[in-house]
Amino acid sequence: MRINNRNFTFSTLLVIIALSMGLCSCQSQTAIMHSSFTPGEIWLDTDSVHINAHGGGIIFDNGKYYWFGEHKTAGRGGNSALVGIGCYSSDDLYNWENEGIALASANDPDSEIVKGCVMERPKVIYNEKTDTYVLWFHLELKGQGYAAARTGVATSKNVTGPYTYLGSHRPNAGHWSIELQGKMDNKEFASDLEWWTPDWRKAVNEGLFVKRDFEKGQMSRDMTLFVDDDGKAYHIHSSEENLTLHISELNDDYTGFTGKYTRLFPGGHNEAPAIFKRNGNYYLIASGCTGWDPNAARSAVATSIWGPWESLGNPCIGKDAELTFHSQSTYVLPVQGKKDAYIYMGDRWRPRNPIDGRYIWLPIRFENEKPVIEWHDEWDLNIFDN
Ligand code: DGJ
């Protein structure tokens, strides 16, 4: 087709008008509304920015969900806490509004949470007795890598914050775990045990590292929180050089430890714990320890939080199940108003550009009382109605 000059000018004009109308309508458009989950894809918040709440957990409060997570930044240093712990809110779990930074990392070089420290896996619970929200997170002190192995606590009267930092703990200083009580008074371990040998493994099982850290408190790295139906709260954390999980009871106001704790799977090398309760049973989903790289998830069940815990193996099935669909657990979310509806929340870490980390949310179903997680490219909450 021949286009003469006049026509061309006219068509160009039409294109320009159409384009500028398009641009205008884009600018005035409200953000895209989501009505499904697309695990592993960029997840835009209501400001059309990829959600920045990694290693997170969710609390349901007064009809809304609040998602707390690590605010990551771009580039290799982006895993350290340069900003703090962020909060998002949602009515429907698909669309999230940025509520800002709930606990900011500090400018004060003398603060434990000075910018450049590590603040990971934040979780918030509500304490009815004190009408206070309590935030715990894995804290590593600036410049010390992952050596400090502490857990930090902060509180707020508002769910979204700002939270006031109270300090950090090595849990349960001066206390033996339930199963070690009465067995440790005269217990000695050889000082020259070589790691990973059978003798060393036996010593780990018998409390080698619990004894080492008895006075200063137990190590606490990857962590989560769980509030039971009776209002008791628990802090679940990777301890003993990441070899053994501890379940530790929190005190009445949830800001400290009572000294009562149990050891889960000594020497089992579990990280990224997530605990939930279903039909009176307690379920645990965790990962192995391979840094930012994914590995096979594990699951376990118990009729009491204090155990005994029975291992149920990898809950994931299908392609990439042995890598937890390239993710690591962070939380299991019970969906409000739906029976038997639990969401596996995991992180697909991007250590070279942490801000680009992705969220792997998948429905959990139960087969013979065992949790099962399968991959879905896209899914929505109706899946729980089938
Ligand atoms: C695995 C943990 O689960 C993460 O939270 C983080 O601590 C990385 N290790 C650091 O390598």
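Residues numbered from 1 in each chain as written. Predicted model: local features only at pLDDT ≥ 70, side-chain atom pairs only at ≥ 80, totals over all residues. Heavy atoms only, no water.

**What about the pairing of strand β18 (residues 342–348)?**
Basically, it comes down to this: Throughout this description, buried means an accessible area under 20% of the type-specific maximum (1.4 Å probe, protein chains only), exposed means over 50%, and partly exposed covers the range between. Strands are runs of DSSP state E lasting at least two residues, helices are runs of H or I lasting at least four, and both sets are numbered from the N terminus onward. Should DSSP find at least two bridges between two strands, the strands are taken to pair.
The buried fraction of β18 is high, at seven of seven residues. Burial along β18 is two-sided: Tyr342, Tyr344, Gly346 and Arg348 and Ile343, Met345 and Asp347, pointing in opposite directions, are all buried. Note that strand β17 (residues 328–334) and β18 share six bridges and pair antiparallel. Bridge pairing in β18 links Leu333 to Ile343. In the sheet, β18 pairs with strand β19 (residues 358–367) via seven bridges, with the strands oriented antiparallel.

**Details of the sheet that holds strand β1 (residues 54–61)**
Filter applied, for reference: Between N-to-C directions, angles cover 0 to 180 degrees, with each direction set by a line fitted to C-alpha atoms, over the stretch in contact for helices.
Overall, antiparallel pairing links the four strands, which are arranged β1-β2-β3-β4 in an open sheet. The sheet is open, and its two borders are formed by β1 and β4 (97–104), each paired with just one other strand. Strand-to-strand twist across the sheet, computed as the mean angle between neighbouring axes with direction ignored, equals 25°. Direction of pairing for strand β2 (residues 64–71) relative to strand β3 (residues 84–90): antiparallel, over a ladder of seven bridges. Across the sheet, residue Glu70 finds its bridge partner in β3, namely Ile85.

**Comments concerning the sheet that holds strand β16 (residues 310–313)**
The strand order β13-β14-β15-β16 describes an open sheet built from four strands, whose pairing is antiparallel. Of all the strands in the sheet, just β13 (271–278) and β16 have a single pairing partner and so form its edges. Looking at each pair of strands side by side, their axes are set apart by 25° on average, direction ignored. Of the pairings in the sheet, the one linking strand β14 (residues 281–287) to strand β15 (residues 298–302) comprises five bridges and is antiparallel in character. Across the sheet, the residue bridging to Tyr283 is Val301, located in β15.

**Examining the confidence of the model for the protein chain**
Under the convention used in this document: What pLDDT reports is the predictor's confidence in each residue, on a scale of 0 through 100. Residues are treated as being in contact if the distance between any of their heavy atoms lies within 4.5 Å.
Looking at the protein chain, pLDDT values average 93 and 92% of them are 70 or higher. Across residues 1–29, confidence stays below pLDDT 50; counting only partners more than four residues off in sequence or on other chains, it has one contact.

**Topic: the site of the ligand**
Put simply, the rule is: What makes a residue near a molecule or strand is one non-hydrogen atom of that residue sitting within 4 Å of it. Here a polar contact is recorded for every N or O atom pair within 3.5 Å, except that within protein the pair must consist of a potential hydrogen donor and a potential acceptor, and residues adjacent in sequence are included only if both atoms are side-chain atoms. Surface accessibility follows the Shrake-Rupley procedure with a 1.4 Å probe radius. Residue values consider only the protein chains on display as shielding.
The local shell around the ligand consists of Glu120, Arg121, Tyr146, Asp222, Glu271, Gly291, Trp292 and Gln328. Between the ligand and Glu120, the relevant distance is 2.6 Å, taken from an oxygen atom to a side-chain nitrogen or oxygen of the residue. Between an oxygen atom of the ligand and a side-chain N or O atom of Asp222, the distance comes to 2.4 Å. Contact with the protein chains hides 90% of the accessible area of the ligand, taken as 300 Å² for the molecule alone.

**Looking at the environment of Ile383**
With respect to the helices and strands, Ile383 occurs in the segment after β20 (370–373). C-alpha separation for the pair Ile383 and Ala341, spaced 42 residues apart in sequence, amounts to 9.0 Å.

**Some points on the packing of aromatic side chains**
Spelled out, the test is: Only Phe, Tyr and Trp rings are paired, with Trp represented by its six-membered ring, and only when their centres lie within 6.5 Å; those with planes under 30 degrees apart are stacked, over 60 edge-to-face, the remainder tilted. By the criterion adopted, a ring carries a charge over it if an Arg CZ or a Lys NZ lies within 6 Å of its centre and within 35 degrees of its normal.
Here the structure, examined in full by the defined rule, presents 33 aromatic pairs. With centroids separated by 6.3 Å and ring planes inclined at 70°, the aromatic side chains of Trp43 and Tyr359 adopt a geometry described as edge-to-face. Here Tyr359 lies in strand β19 and Trp43 lies in the loop between α1 (5–28) and β1, a separation of 316 residues in the sequence. Of the two residues examined, Trp43 and Tyr359, each falls in the buried class. Among the aromatic residues, those joined into a ring-pair cluster are Phe37, Trp43, Trp67, Tyr88, Tyr94, Trp96, Tyr359, Trp361, Trp379 and Phe384. In this structure, Arg278 is placed above the aromatic ring of Phe366, and the distance from its NZ or CZ to the ring centre is 3.8 Å.

**As for unusual backbone geometry**
The omega torsion of the bond from Gly161 to Pro162 falls at 5°, within 30 degrees of zero and hence cis. Across the junction of Gly307 and Pro308, the peptide omega takes the value 5°, indicating a cis bond. Take Pro308: it is sitting in the loop between β15 and β16. Of note, the phi angle at Ser48 is positive, near 65°, even though the residue is not glycine. Mapping Ser48 onto the fold places it in the loop between α1 and β1.

**Comments concerning the nonpolar core**
Quick reminder of the rule: What is meant by a nonpolar core is a set of buried Ala, Val, Leu, Ile, Met, Phe, Trp, Tyr and Cys residues, joined one to another through side-chain atoms within 4.5 Å.
Core analysis: the biggest nonpolar cluster contains 40 residues, and Trp67, Leu93, Trp96, Ile343 and Trp361 have the highest contact counts within it. Of all the secondary structure elements, the ones that give two or more residues to this core are β2, β13, β14, β17, β18 and β19. For this core, the element with the highest residue contribution is β19, accounting for six residues. Residues Tyr66, Leu103, Leu135 and Ala154 belong to the second largest nonpolar core, which totals 20 residues.

**A few points about the side chain of Asn295**
Structurally, Asn295 is set in the loop between β14 and β15. Within the structure, Asn295 has its side chain in polar contact with the side chain of Thr290 (distance 2.7 Å). Apart from residues no more than four positions distant in its own chain, Asn295 is found in contact with Ser287, Gly288, Cys289, Thr290, Glu322, Leu323, Thr324 and Ser327.

**Quick word on helix α2 (residues 198–205)**
This is how it is decided: The directions from the helix axis to the C-beta atoms are what the arc is built from.
Among the residues making up α2, those that are buried are Trp200, Ala203 and Val204. The buried side chains of α2 occupy one side of the element, clustering within an arc of 105° when seen end-on. Counted as exposed and oriented over 90 degrees from the buried face of α2: Pro198, Asp199 and Lys202. Along its buried surface, α2 packs onto α3 (208–212), β11 (244–250) and β12 (257–264). Positive phi appears at Gly207, one or two residues downstream of α2, with a value of about 105°.

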